[in-house]
Amino acid sequence: MKTAALIGNPNVGKTSLFNYLTGSNQYVGNWAGVTVEKKEGFLDNKLKIVDLPGIYAMDTFSNEEMVAKKFLIDKEADFIINIVDASNLERNLYLTTQLKEYNIPIILVLNMIDVSESKGIEINYSLLSENLGVSVVPISASKIKGIEDLKKLLLGGIFLSAPTDNDFHFQNEKEAYDFISSVLLKCINKKHSDKKTSTEIIDRIVLNKILAYPLFFLILFLIFKFTFSWVGQPLAGFLSYVIDDGLIPVLNNLLSNSSPWFSSLIINGIVGGVGSVIVFLPVILSLFLGISFLEDSGYMARAAFIMDKAMRKMGLSGKAFIPLIVGFGCSVPAIMSARTLESEKDRKLTALLVPLMSCNARLPVYALFAAAFFPGNETTVVFSLYLLGILLAFTLGILFKSTIFKKDEEPFIIELPEYKAPEFKNLLAHTWDKGKGFLKKAGTLIFSISVAIWFLSSFNFSGMTDINHSILASIGNFISPIFIPLGFSSWQNSVSLLTGLMAKEVILGSMGVIYGGNLRVSLLSNFTQISAYSFLVFVLLYTPCVSVIATMKKEFGNKMAIFSVFYQLSLAWIVSFIVYRLGILLFK
Amino acid sequence: MSICDLELGEKAYIHSIAGNEKLMKRLMALGCIEGTEVCLKNSAPFGDPLVINLRGCDFCIRKKDAKNISIKDTQEE
């Protein structure tokens with residue numbers, strides 16, 4: 001089977017073309033060694049298409065470029081589909097001149113012909129084809145016509161591959177651009193217009209000195225509303241209702257005759273553990289739908305632009321602000337959305353800081369403790385925890401920036417693309433891509449850990465038992481001494497924190513089971529105000545849940561996942577210690 | 001004179017660029033080369049970063065990098 005490499009600048013509709021050509025017949029993965037997404041798909045099962053990352057040039061030292069370069073040098077592509085923005089050929093063709101050096105036949109796809117025509121640009125396709133020595137296919141917004149032509153050309157395999165008289169080895173950028181200008185002078189007839197484009201008008205509002213920030217926070221607020229109150233969370237609630245009140249009773253019935261350990265494994269272990277993660281799926285999908293919308297519309301680049309100054313202080317660029325905000329919802333999609341960042345360094349640093357943004361799952365724990373120990377001051381207590389997370393993210397950002405992430409300063413340059421209405425089909429494809437990854441990878445790991453935790457909490461060395469005599473309790477007793485300096489050293493608390501690794505809201509569930517009775521009352525006899533706050537600080541900061549660890553491992557590998565686990569554990573211990581000791585000093 | 005000295009909406013021509021090698025290389029790949037028309041289009045609410053227009057595209061760069069792009073009034077040397 002022949003292989004085609006799909007390559008082009010960012011924001012020229014590359015992903016959209018890829019989806020049109022391959023339909024649902026695609027596979028998403030990562031390129032070896034780097035967190036650059038690798039997408040492959042098939043056209044009619046006859047042609048393999050590899051979607052290379054969006055780049056402006058082949059030689060400006062980014063991971064994306066190295067991936068593309070290696071792919072072409074290794075002769076893995078039989079030909080190149082080079083997609084360009086027809087309304088901005090000058091810059092887009094710079095990459096084309098560099099692609100010519102690889103002596104692989106090129107099909108030049110001129111996308112957004114309708115936009116360029118509306119701008120008064122007339123292109124002579126055959127002359128362009130002749131001058132560049134490539135096949136040229138124009139495509140317009142409605143796509144259907146152009147796409148069919150392109151498919152025919154791709155499957156027919158007959159296209160221009162003869163070299164032209166022009167030599168495509170340029171000494172420097174200036175020579176290349178001079179050549180492009182000379183070609184465009186021949187092939188393009190441009191009626192100059194000074195009319196304000198719609199993008200300029202929108203930017204006048206969106207980037208306005210007074211309106212920029214309020215609008216930005218309004219948009220974030222709407223996405224959060226969409227995710228956590230209008231669509232995502234209600235669907236998640238419905239899903240958990242289906243599992244708890246639909247599936248579990250049915251399973252209970254079905255398994256009533258099987259041995260107790262088996263029904264416990266299925267219901268408490270697998271359905272309980274995996275189910276608690278699956279119910280997050282609607283939340284994650286909603287959040288990603290919102291983020292994809294921001295990305296596809298062109299707003300994301302503007303958000304990065306206005307947040308850059310503040311983010312720079314912690315060694316990140318403006319683009320990293322979005323993942324951090326998403327982190328208040330759930331760290332899993334937040335870490336995944338760090339993919340959109342320019343450099344490896346930014347992606348890793350962001351992923352390490354994201355779990356410090358207090359996620360949704362920790363809120364129930366705060367809420368219960370605040371109500372029990374700080375009646376009347378609940379909001380202040382909960383807010384102080386969120387604030388502590390933000391302050392620590394900021395401090396650690398500065399610390400990491402000047403230590404482990406010192407080298408590798410990436411240049412900051414972002415294109416502000418023209419605004420466009422996102423295509424519904426693309427939005428869905430984008431969103432589903434992310435959701436699928438979450439289900440697959442996190443799902444398998446959660447499955448095995450759920451079974452393991454279930455086993456530990458249901459057995460001891462003499463057989464099946466209740467949780468108080470289980471291996472888990474022994475483990476709790478074993479680790480509880482490390483919590484003595486923090487003020488909450490009972491084995492029950494240790495076990496709750498341990499099971500909280502599954503998902504932070506599990507902490508409450510475990511406490512409910514272990515302490516039994518009215519949890520609020522039993523907590524009052526087990527904590528003081530100071531140790532309760534110290535416990536909450538620990539819950540805020542300690543190792544994120546397995547879904548996050550699994551995501552970290554999937555995106556960045558084992559080393560990062562392990563580092564993340566231990567750095568947060570130490571951070572949580574140190575900060576809780578300080579909080580507890582200071583509390584005793586000040587209030588006793 | 002550098003891009004930072006332009007008024008919003010004002011145009012000039014690139015004279016030379018200096019500074020971080022990677023950034024220089026990237027800017028040049030985007031067509032930021034001697035004699036190219038450049039326009040300062042916008043600045044973030046606190047004055048940094050800036051939006052510049054090069055060959056019909058808007059790019060956002062930081063002030064400290066924009067200082068390294070020197071400009072001139074005419075296209076010719």
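Residues numbered from 1 in each chain as written. Chains lettered and ligands numbered in written order. Predicted model: local features only at pLDDT ≥ 70, side-chain atom pairs only at ≥ 80, totals over all residues.

Before going further, it helps to examine the overall build of chain B. Tallying secondary structure elements over chain B gives 2 helices and 5 strands in all. The order of α-helices and β-strands along chain B, N terminus first, is β-α-β-β-β-α-β. A compact globule built from 77 residues would reach a C-alpha radius of gyration of about 11 Å, and chain B, at 11 Å, matches this within 12%. By its C-alpha atoms, chain B is 35 × 25 × 20 Å across when sized along the principal axes. The 77 residues of chain B split such that 44% are buried. Counting only contacts in chain B whose residues sit at least 6 apart along the sequence, the fraction spanning at least 24 positions is 55%. (Helix = DSSP H or I, 4+ residues; strand = E, 2+ residues; numbered from the N terminus. Rg over C-alpha atoms; globule rule 2.2 N^0.38 Å. Buried ≥ 20, exposed ≤ 12 C-beta atoms within 10 Å, placed from the backbone. Contact = placed C-beta atoms within 7 Å.)

What follows deals with the overall build of chain A. The helix and strand inventory of chain A stands at 26 helices and 12 strands. Each principal axis of the C-alpha atoms in chain A carries an extent, and together these give about 85 × 60 × 40 Å. Counting the 588 residues in chain A, one finds 43% classified as buried. Nonlocal contacts in chain A, meaning residues at least 24 apart in sequence, comprise 72% of its contacts between residues at least 6 apart.

A separate point is the packing of helix 10 (residues 232-254) of chain A against helix 12 (residues 281-297) of chain A. All names here are of chain A. Relative orientation of the contacting elements helix 10 and helix 12 amounts to 160°, with a least axis distance of 7 Å. Overall, the two elements helix 10 and helix 12 adopt an arrangement that is roughly antiparallel. When you trace helix 10 past helix 12, the crossing you get is right-handed. Within the contact between the two elements, helix 10 uses G232, Q233, L235, A236 and L239 and helix 12 uses P282, V283, S286 and L287. Here the residues of the contact of helix 10 with helix 12 sort into 6 nonpolar, 3 polar and no charged. (Axes fitted to C-alpha atoms, helices over the stretch in contact; angles between N-to-C directions. Parallel < 35°, antiparallel > 145°, perpendicular 65-115°, else oblique. Left-handed = near helix turned anticlockwise from the far one by under 90°. Nonpolar A, V, L, I, M, F, W, Y, C, P; charged D, E, K, R; others polar.)

This brings us to the nonpolar core. Residues L6, V109 and L536 of chain A together with F59 of chain B are the most contacted members of the largest nonpolar core, which totals 171 residues. The residues touching V109 of chain A, leaving out its near neighbours within four places in the chain, are L17, I81, N82, I83, V84, V137, I139 and L150 of chain A. (Core = buried A, V, L, I, M, F, W, Y, C linked by C-beta atoms within 7 Å.)

Between chain B and chain A, the residue contacts involve 27 residues of the former and 26 residues of the latter. For the side of chain B that touches chain A, the leading source of residues is helix 1 (residues 21-29) of chain B, giving 7 residues. Looking at the side of chain B that touches chain A residue by residue, the classes come out as 15 nonpolar, 4 polar and 8 charged. Looking at chain direction, strand 10 (residues 413-416) of chain A and strand 4 (residues 57-61) of chain B are connected through 4 bridges and run antiparallel. Across the sheet, E415 of chain A pairs through a bridge with F59 of chain B, a residue of strand 4 of chain B. (Pairing = 2+ DSSP bridges.)

Right, let's get into the environment of F459 of chain A. Residues and elements named next belong to chain A. With respect to the helices and strands, F459 occurs in strand 11 (residues 459-460). By C-beta crowding, F459 is classed as partly exposed, having 16 other C-beta atoms within 10 Å. With 10 residues separating them along the chain, F459 and H469 place their C-alpha atoms 8.0 Å apart. The contact partners of F459, leaving out residues within four places of it in the chain, are M464, T465, S470 and I471.

This brings us to the sheet that holds strand 1 (residues 11-17) of chain B. Here 6 strands make up an open sheet; going across it, the order is 10(A)-4(B)-3(B)-2(B)-1(B)-5(B) and the pairing antiparallel. Two strands close off the open sheet at either side, each with one partner strand: strand 10 of chain A together with strand 5 (69-72) of chain B. Strand-to-strand twist across the sheet, computed as the mean angle between neighbouring axes with direction ignored, equals 45°.

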